[in-house]
Each structure stands twice: as structure tokens, then as C-alpha cells.
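# Observations on the model geometry
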Amino acid sequence: MTKADCLEAWNNHLSQAQRRSPHTVRAYSRAAERLMTRLDLEDFDAVALLSTTSIRSHLASRRSDGLTNSSAARELSAVKSFVSFARAQAGHDVTQPPRLRGPRIKKGLPRPVSPDDAEGLADTVEEMASVDWVGARDRAVLLLLYGAGLRIAEALSLTGADLPLGDRLNVTGKGGKQRVVPILPIVRDAVDHYCQITPWPLGPEDPLFRGVKGGALSQGMIQKATARARRAMGLPDTATPHALRHSFATHLLGAGTDLRSLQELLGHASLGSTQIYTKVDAASLLDTYRNAHPRDRD
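The protein chain is annotated in an unreviewed UniProt entry as Tyrosine recombinase XerC of Qipengyuania psychrotolerans.

### Side note on the overall build of the protein chain
When helices and strands are tallied, the protein chain shows 14 helices and 2 strands. Per-residue burial for the protein chain yields a buried fraction of 39% across its 298 residues. Within the protein chain, contacts between residues separated by at least 24 positions form 60% of all contacts whose residues are at least 6 apart in sequence. Summed over all atoms, the accessible surface of the protein chain reaches about 16300 Å², with 50% contributed by carbon and sulfur.

### Some details on the confidence of the model for the protein chain
Averaged over every residue, the pLDDT of the protein chain is 83; the share at 70 or more is 84%. Every residue in residues 280–285 scores below 50 in pLDDT, and together they form 4 contacts with partners more than four places removed in sequence or on other chains.

### Quick word on the packing of helix α6 (residues 115–128) against helix α10 (residues 219–233)
As a packed pair, α6 and α10 sit with axes 9 Å apart at the nearest point and diverge in direction by 110 degrees. It follows from the interaxial angle that α6 and α10 lie roughly perpendicular. Taking contact as the criterion, the partners of Asp-117, Gly-120, Leu-121, Thr-124, Val-125 and Met-128 in α6 are, on α10, Ala-225, Thr-226, Arg-228, Ala-229, Arg-230, Ala-232 and Met-233. Residue composition of the contact of α6 with α10, grouped by class: 7 nonpolar, 3 polar and 3 charged.

### What to know about the side chain of Glu-75
When you line up the elements, Glu-75 lands in helix α5 (residues 69–89). The exposure class assigned to Glu-75 is buried, which follows from its relative accessible area of 5%. Discounting chain neighbours no more than four positions away, the residues touching Glu-75 are Ala-31, Arg-34, His-58, Leu-59, Arg-62 and Leu-67.

### With respect to helix α9 (residues 185–197)
In this model α9 runs 19 Å from its N-terminal to its C-terminal C-alpha over 13 residues, within 8% of the 18 Å that 1.5 Å per residue would give. Of the positions making up α9, those classed as buried are Val-187, Arg-188, Ala-190, Val-191 and Tyr-194. When α9 is viewed along its axis, its buried side chains cluster within an angular range of 160 degrees and face the same direction.

### Regarding the nonpolar core
Membership of the largest hydrophobic core comes to 45 residues, with the highest contact counts inside it found for Leu-144, Leu-150, Leu-169, Ile-183, Phe-209 and Leu-244. Looking at this core, the elements that each hand over two or more residues are α6, α7 (132–148), α8 (152–156), β1 (168–172), α9, α10, α11 (241–254) and α12 (259–266). When residues in this core are grouped by element, the largest group, 11 residues, is from α7. Once residues within four sequence positions are removed from consideration, Leu-169 is found in contact with Leu-150, Leu-158, Asp-162, Arg-179, Val-180, Val-181 and Ile-183. Core analysis: the second largest hydrophobic core is formed by 25 residues, Trp-10, Val-25, Leu-35 and Leu-100 among them.

### Let's talk about the pattern of salt bridges
All told, the structure shown has 9 salt bridges when counted by the stated rule. A salt bridge links Arg-34 to Glu-75, with the shortest nitrogen-to-oxygen separation between them at 2.7 Å. Residue Arg-34 is found in helix α2 (residues 22–38), and its partner Glu-75 is found in helix α5; the two are separated by 41 residues along the sequence. Take Arg-34: its relative accessible area is 29%, and that puts it in the partly exposed class. One salt bridge in this structure joins Arg-151 and Glu-154, with 2.5 Å as the shortest N-O distance.

### Let's talk about the environment of Asp-5
Locating Asp-5 in the fold gives a position in helix α1 (residues 3–17). Expressed as a C-alpha distance, the spacing of Asp-5 and Asp-43, which sit 38 residues apart in the sequence, is 8.3 Å. One polar contact links Asp-5 to Thr-2, side chain to side chain, over a distance of 3.0 Å.

### Quick notes on the packing of aromatic side chains
Using the criterion set out here, one finds 5 aromatic pairs in the structure. Ring geometry for Phe-44 versus Phe-82: centroids 6.4 Å apart, planes at 55 degrees, classification tilted. Of this pair, Phe-44 sits in helix α3 (residues 44–48) while Phe-82 sits in helix α5, placing them 38 residues apart in sequence. You'll find Phe-44 and Phe-82 in the same group, each marked buried.

### Concerning the pairing of β1
Taking every second residue as pointing to the same face, the buried face of β1 carries Leu-169 and Val-171, while none of Arg-168, Asn-170 and Thr-172 on the other face is buried. Direction of pairing for β1 relative to strand β2 (residues 178–182): antiparallel, over a ladder of 5 bridges. Looking at β2, one finds that Val-171 is bridged to Arg-179.

Rules and cut-offs
- Residues numbered from 1 in each chain as written.
- Predicted model: local features only at pLDDT ≥ 70, side-chain atom pairs only at ≥ 80, totals over all residues.
- Heavy atoms only, no water.
- Helix = DSSP H or I, 4+ residues; strand = E, 2+ residues; numbered from the N terminus.
- Buried < 20%, exposed > 50% of the residue type's maximum accessible area, 1.4 Å probe, protein only.
- Contact = heavy atoms within 4.5 Å.
- Areas by Shrake-Rupley, 256 points an atom, 1.4 Å probe, with all protein chains shown as cover.
- pLDDT = per-residue confidence, 0-100.
- Axes fitted to C-alpha atoms, helices over the stretch in contact; angles between N-to-C directions.
- Parallel < 35°, antiparallel > 145°, perpendicular 65-115°, else oblique.
- Nonpolar A, V, L, I, M, F, W, Y, C, P; charged D, E, K, R; others polar.
- Expected span 1.5 Å × (residues − 1).
- Arc of directions from axis to C-beta.
- Core = buried A, V, L, I, M, F, W, Y, C linked by side-chain atoms within 4.5 Å.
- Salt bridge = Lys/Arg side-chain N within 4 Å of Asp/Glu carboxyl O.
- Polar contact = N/O pair within 3.5 Å; in protein donor to acceptor, adjacent residues only side chain to side chain.
- Phe/Tyr/Trp six-rings, centres within 6.5 Å; stacked < 30°, edge-to-face > 60°.
- Pairing = 2+ DSSP bridges.

What follows is the structure in C-alpha cells.
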């Protein structure tokens, strides 16, 4: 098996067996290619026999390339996964990832936008579009992020088979995890309006959201449209499509939604992800304290 065959097998494993996102597949595939190229490895046997010292040396050279802590941590994760995969493919008994410790990462949070700004972004994106159906399309996508808490990739993966939208929608998220999300009337109406005026057919196998040439809509187009709208509204650069999903979570949590329910709505595999991803503003936290603490009610 050649180096190219190894990388192709790794790519297929990520995309088909593990069902990783296209972004993760690209990042992990590139990390594997860098490892094999820099250490002059030609097959899975060579990768499987790598020592921890050799792997650590490779990662150190990557840090010297100027990687940030978060990028270095992802590179380490990708390399460890690839080495484990190579050991399994080479028939080695030891398939556990190398024991290497990565840099500590301070997990940040996107800043939520207010409910008015969230809807305002969706409306402004529609108003600024040069073509009516494109504006209706972009507004529908943004309302799915804020109104249903979808990831942008989840919204863009919808097909004609998901129509017509009802009160709830079955969504396939990261790792193939299934969940059901409620659909608000404003979201359903926005999607219906787009479907009525789009020039492209929406058969069961067709992507729901289409580009101007008829292909599947890319995330970059939604991000660019949102960037234009937030500049027009005077919003900060943090007002991104992903911030709308975070706003969905933050506003629900602030309104009293429990973490377990929010975990299901967001499609998180663990409650810890939900706890990191969401936060309650100080005013809401203080109100909760005042309403709950017995001493404060005396």
C-alpha cells in the first residue's frame, strides 16, 4: 500500500465510518499527510511503528511553524487518531493512541446577539440581497439557526424530503446523532416563502438551499451575506451565523430551560458541551438567586 493509498483509506474512514464533518475530514487528512511527509513514512506499517519521541518531535516542529495552542491541540488529536488507525490497519495489537499531552486550551464562547438583533440580521440580509429569492433563502437559513438552534451545516444539509416543514424537524447532527427540533411559525413561514419563489426544483433528493447556479449553497455565502448585514446594522464582528445558534441556546437558558433539555435541542453528545457553550447573563442569574434563595424572601 502506497502513501497515497494510506491517506485515501484514512479519508474514507473519517468521512464514511466516523461520519466526521467535511471540515474535520480536511483538517485530519492534512495532518496525516504532513506527518507522513515530514517523517518520510510510506505505509501504515511505518506509521504504526512510530515512537512517541518521533511523534513528539514532529509536533514540536509544527509548533515552530507558528501554530496557536488550539491549532496545536487539533493537530495532536488528528495525529493520535491517525496513528491508532494505522496500527489497526497494520494488524498491530496496540491500537490505542500515543500518550501525549497537548497544550491547555481556554474554551471561549461566541457572544450572543439580542433577540431583536437576531431577527434584524435575518431581515437585513433579505433586504440587501440583489435577487429576491436569494434574500428569502438567506433569511430562511438564518432563522433556522436562531429559531431552531441548527448548526449552519445542518441547515444546509436539508433536502426537499424535509418539506413541508411542520411543527418539528428531524435533524442529523455531528456523528450522525439524530434529534428533533421544534419549528416556530416564523421559521416555517420563511422557509415556505423561499420555496415558493426559488427558481430551482426541490425534489426529495435535491438540496433545499441552492446557490445562484443551482448547486448546494455553501456556508461561505451565508457568512458573507451576514457580514454585510451586520456592518449595515453596526453590529460587532462577533455577530456571525454561529452566534445565532449560541443566541438560541443562551436565550432559552436565560428563560429557564433546563440544561438537559437544551442539550437535546442542540444535539450535544455530553452535558459538559452544553455547559461550556451556554451561559446566563448576570442579571438573569441574580434574578434566579433572588427567587430561589430562602433568605432573600424574608
